[in-house]
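Listed below are the residues making up each chain.
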Number of protein chains: 2
Amino acid sequence: MEHLELSERKRLILQAIVESHIRYGEPVGSKAIAENQQLTCSSATIRNEMAELESMGLLEQPHTSAGRIPTELGYRYYVDSLAQKYRMTAMEIEQINRTLRQKIGELDGVLESASRLISSFTNYTAVAIRPRSGSAVITRFESAYLSEHAFVLVFVFASGEVKTKTMHTPLFVSPEEHAGFMQLLNAGFTGLTAEEITLSRIVEAERVLGNLAPLLHPVVTAIYEAMNEHDGGELRIDGVGHLLEYPEYSEPAQLREMLALFEEKENLLKLVSAEDTGKDLQVHIGSENAIGAMSNSAFIYRTVRRGGKVVGAFGVIGPTRMDYSRVIAILNHLSEGISDAFDEGEDG
Amino acid sequence: MEHLELSERKRLILQAIVESHIRYGEPVGSKAIAENQQLTCSSATIRNEMAELESMGLLEQPHTSAGRIPTELGYRYYVDSLAQKYRMTAMEIEQINRTLRQKIGELDGVLESASRLISSFTNYTAVAIRPRSGSAVITRFESAYLSEHAFVLVFVFASGEVKTKTMHTPLFVSPEEHAGFMQLLNAGFTGLTAEEITLSRIVEAERVLGNLAPLLHPVVTAIYEAMNEHDGGELRIDGVGHLLEYPEYSEPAQLREMLALFEEKENLLKLVSAEDTGKDLQVHIGSENAIGAMSNSAFIYRTVRRGGKVVGAFGVIGPTRMDYSRVIAILNHLSEGISDAFDEGEDG
DNA sequence: TTTTAGCACTCGAAAAAGGTGAGTGCTAAT
DNA sequence: ATTAGCACTCACCTTTTTCGAGTGCTAAAA
């Protein structure tokens, strides 16, 4: 399927059909094609060509007396070989740049903004993903002393990410004790994966702590949770309502499946975490998605890398008749902007 | 409407109709009532009573030859005077308690868990809200030094809330400089509302800082943002998919409106922020909601107070034929649990 | 050999027609 | 005051009809 040989005319016809169907969502008839385009042949000729395209598996008919719609293969061919590069408007570029410029630094913040932007620009549902990382390691603990009974714990992960958690305790903890506690934490619990935080370590630490020992348990629990949260990945979704704009989600069953998918973040996370093929732009059409609920949808996303490793992704989910070229252009632009922002943030 | 005089029989009939309609979502006929209940009269009698209830504005007929459904007023009467106290199952209580026990301390975390719990228990869409507070004041800055080019800023708000933000800078900042910078921040920028952070303060601080002056601008921006974020309120929604379980949201238009409502957090925030009537449990039925999109929905929420001030709220949104007694019971129980958790956290 | 005009045919979608029954209001008897 | 009885209403469901966009095929034209 890499490079199916198609006559120039067939390519034009396929392109016209795909684009019309993307636009109007309805089967495309031979007459519409004949009139509309720079094709100089009659509808009868187009009918013949369409029949051939159908036998090649690029088009299909919903029923005998209807026009044609593209198959998944048809879309695939379109995306790979036919789609024109969409040229973003100055307004679009401007607005994206402006928004990104404010959000340098925190990955979560950047992804969040990206998601919002994408949703409002494309009129599709947008997702922002921080995939599960597999082995969170905390390289440092910092803390801010709030009162005798409370302090903020700051977890600094190897990835550069930072999480915080406010701890409360019935114990009376002086600033000095607090400092000592933090020193112990940094000495005994950094550089470890969740599995490496063994009971013996904890017992040993408790022994050292003396009367502050009861403080350790909730802190260790917090550490665990922070690691798991960090490992577990994050998912944000914007513009769910856009689904309703497309008749392919008008059936309650379909819609329900999608909403369930969005609510159970596991699935989408898996989808992105599973594969790092090296390609930064992923276009998954229909059943290519390997999730039942998405077999009538397209999922396009772009990964965000840091030091070669995938640390995030953002993209859109919508009907298979998605405006691929526009979406791809927007994702690419956004991606560039984000890379720039990070490069500045890192060493600039 | 406070205490409409109704005969005992009318009350029973109204209650039966409301409960049947809550359960099945369909108009209730006289026959069903007559058979079902402990009423000892015939369907004809009930028809007469129903006609009267209708003329009082408590019931209505979707069309001439259908049964009756409660009006908003009917639901209101039911909620105020008729609803039985729902008794939670041991399982429900157990699970709520267990979940809450893990989430002591961070308001956001508690609200989040509450929302999830509510959604899964009630089969309605759940919301958790931290309303806009109006005047965020930071009482203290803490910081954790990460590297010469990065540190974590911790904002401690007067409300006890804590926010963090990771700062990057191209400057080379030594630990000592960092400590000095933090000292200045605490000296010059605590106890202020956003408006009180004036340019003159900033200029003065820059003067003191000397070569570290360029650091101030991004930090002040971050402070601004943190305050606004804190002021702006937070909204979390779970179980959107549950809407689809109720035919009142089967029309795309309805659904769309709701999804739009959920995505534009402003509206819901306003709804809760606007009023602090002193009542902790709010039941808004239909048009009582003062948001067009919600005129066919009920919104029940419970506020969370701290020191007498409303700092959060959680509740459910669903069709007007909501299972009021069950929802209210669950919200109340949850609320108790949360109060307990906070009391422990504060002084325990 | 390729293209095209013409035509009979197909079949989903929308509109129209028909049937069903739950539920009503009213009247008259209890 | 209650209830049995009955004519009537009207949303909902099913069936029928109509309609037309689109097709494939054939035969003529290029």
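Rules behind the numbers
Residues numbered from 1 in each chain as written. Chains lettered and ligands numbered in written order. Predicted model: local features only at pLDDT ≥ 70, side-chain atom pairs only at ≥ 80, totals over all residues. Heavy atoms only, no water. Helix = DSSP H or I, 4+ residues; strand = E, 2+ residues; numbered from the N terminus. Buried < 20%, exposed > 50% of the residue type's maximum accessible area, 1.4 Å probe, protein only. Core = buried A, V, L, I, M, F, W, Y, C linked by side-chain atoms within 4.5 Å. Contact = heavy atoms within 4.5 Å. Pairing = 2+ DSSP bridges. Axes fitted to C-alpha atoms, helices over the stretch in contact; angles between N-to-C directions. Least-squares fit on C-alpha atoms with pLDDT ≥ 70 in both. Near = heavy atom within 4 Å. Polar contact = N/O pair within 3.5 Å; in protein donor to acceptor, adjacent residues only side chain to side chain. Domains from an automatic or database assignment. Nonpolar A, V, L, I, M, F, W, Y, C, P; charged D, E, K, R; others polar. Buried area = accessible area lost by both parts, 1.4 Å probe. Salt bridge = Lys/Arg side-chain N within 4 Å of Asp/Glu carboxyl O.

A. Unusual backbone geometry, seen in detail. The phi dihedral of Asn123(A) is positive, around 60°, even though this residue is not glycine. With respect to the element layout, Asn123(A) can be found in the loop between α6 (107–122) and β3 (125–130). Its identity is not glycine, yet Ala290(B) carries a phi of approximately 60°, on the positive side. Note on placement: Ala290(B) falls in the loop between β8 (281–285) and β9 (297–306). On the basis of relative accessible area, Ala290(B) is assigned to the exposed category, the value being 71%.

B. Region of interest: the nonpolar core. Counting residues in hydrophobic clusters, the biggest one holds 151 residues, and the most contacted among them are Phe299(A), Tyr324(A), Phe299(B) and Tyr324(B). Beyond its immediate stretch of four places on either side in the chain, Phe299(B) contacts Val127(B), Ile129(B), Leu268(B), Leu271(B), Val272(B), Gln282(B), Val283(B), His284(B), Asn289(B), Met294(B), Val316(B) and Ile317(B).

C. Highlighting the sheet that holds strand β5 (residues 150–157) of chain A. All names here are of chain A. Taken together, the 3 strands give an open sheet; going across it, the order is β4-β5-β6, and neighbouring strands pair in antiparallel fashion. Only two strands of the sheet have a single neighbouring strand rather than two, namely β4 (138–147) and β6 (162–168). Direction aside, neighbouring strands of the sheet carry axes that sit 20° apart on average. In this structure, β4 lies alongside β5, joined through 8 bridges in antiparallel fashion. Looking at β5, one finds that alanine 144 is bridged to valine 152. The sheet contacts of helix α7 (residues 175–188) involve β4 and β5, and relative to β4 the element is tilted by about 170°.

D. Geometry of the pairing of strand β5 (residues 150–157) of chain B. Residue and element names in this part refer to chain B. Summarising burial for β5: 8 of the 8 residues are buried, a large majority. With burial as the criterion, each face of β5 is covered, one bearing Ala150, Val152, Val154 and Val156 and the other bearing Phe151, Leu153, Phe155 and Phe157. What sits between β5 and strand β6 (residues 162–168) in their antiparallel hairpin is a turn of 4 residues, with glycine 160 showing a positive phi close to 100°.

E. Spotlight on the relation of the copies chain B and chain A. Rotating chain B by 179° about the axis while translating it 0.1 Å along that axis superimposes it on chain A, leaving an RMSD of 0.2 Å. Accordingly, the operation relating the two chain copies is best matched by a two-fold axis.

F. Highlighting the protein's contact with DNA strand C. Surrounding DNA strand C, one finds 21 residues, the nearest of these being Ser42(A), Thr45(A), Ser65(A), Ser30(B) and Arg68(B). Considering DNA strand C, the proportion of its atoms within 4 Å of the protein that are sugar or phosphate atoms stands at 78%. Here Arg9(A) contributes a side-chain N or O atom positioned 3.0 Å from a phosphate oxygen of DNA strand C. Measuring from a phosphate oxygen of DNA strand C, one finds a side-chain N or O atom of Ser30(B) at 2.8 Å.

G. Inspection of the sheet that holds strand β4 (residues 138–147) of chain B at higher detail. All names here are of chain B. A sheet is described by the order of its strands in space; here 3 strands give the open sequence β4-β5-β6, paired in antiparallel fashion. Sheet topology places β4 and β6 at the edges, where each strand pairs with a single neighbour. Strand-to-strand twist in this sheet, taken as the mean axis angle between neighbours without regard to direction, amounts to 20°. Set on the sheet, helix α7 (residues 175–188) makes contact with β4 and β5; between it and β4 the angle comes to about 170°. Against the sheet, helix α9 (residues 216–232) contacts β4, β5 and β6, and its axis sits at roughly 40° relative to β5.

H. Fine view of the side chain of Arg130(A). Residue and element names in this part refer to chain A. Relative to the elements of secondary structure, arginine 130 occurs in strand β3. Judged by relative accessible area, arginine 130 falls into the buried class, the value being 5%. Excluding its chain neighbours within four sequence positions, the residues that come into contact with arginine 130 are Leu107, Asp108, Leu111, Glu161, Lys163, His230, Gly233, Glu234, Leu269, Val311 and Gly312.

I. Representation of the domain arrangement of chain A. By domain assignment, chain A separates into domain 1 (8–82), domain 2 (90–132 + 233–347) and domain 3 (138–230). Here the C-alpha centroids of domain 1 of chain A and domain 3 of chain A sit 63 Å apart.

J. Highlighting the protein's contact with DNA strand D. Around DNA strand D sit 21 residues in total, of which Ser30(A), Arg68(A), Ser42(B), Thr45(B) and Ser65(B) are the nearest. When atoms of DNA strand D within 4 Å of the protein are sorted by moiety, sugar and phosphate together comprise 77%. Thr64(B) is positioned with one of its side-chain polar atoms (N or O) 3.2 Å from a phosphate oxygen of DNA strand D. Within the contact set of DNA strand D, a sugar or linking oxygen lies 3.1 Å away from a side-chain nitrogen or oxygen of Ser65(B). Broken down by secondary-structure element, the contributors of at least two residues to the surface near DNA strand D are α3 (43–55) of chain A together with α3 (43–55) of chain B. The greatest single-element share of the surface near DNA strand D, amounting to 4 residues, is contributed by α3(B). A per-class count over the surface near DNA strand D returns 4 nonpolar, 13 polar and 4 charged.

K. Focus on the pairing of β8(B). Residue and element names in this part refer to chain B. With 4 of 5 residues buried, β8 lies mostly within the body of the structure. As judged from the 5 bridges shared by β8 and β9, these two strands associate in the antiparallel manner. Bridge pairing links isoleucine 285 to alanine 298 in β9.

L. Expanded view of the interface of chain B and chain A. Of the residues lining the interface, 32 residues belong to chain B; the matching set on chain A comes to 33 residues. Summed over both sides, the interface of chain B with chain A buries roughly 2700 Å², with 55% coming from carbon and sulfur. Linking chain B to chain A there are 0 salt bridges. Where chain B touches chain A, the interface holds 4 residue pairs in polar contact (both at pLDDT 80 or more). Of all elements in the fold, only β4, β5, β6 and α10 (252–263) of chain B reach the threshold of two or more residues within the side of chain B that touches chain A. Residue composition of the side of chain B that touches chain A, grouped by class: 14 nonpolar, 9 polar and 9 charged.

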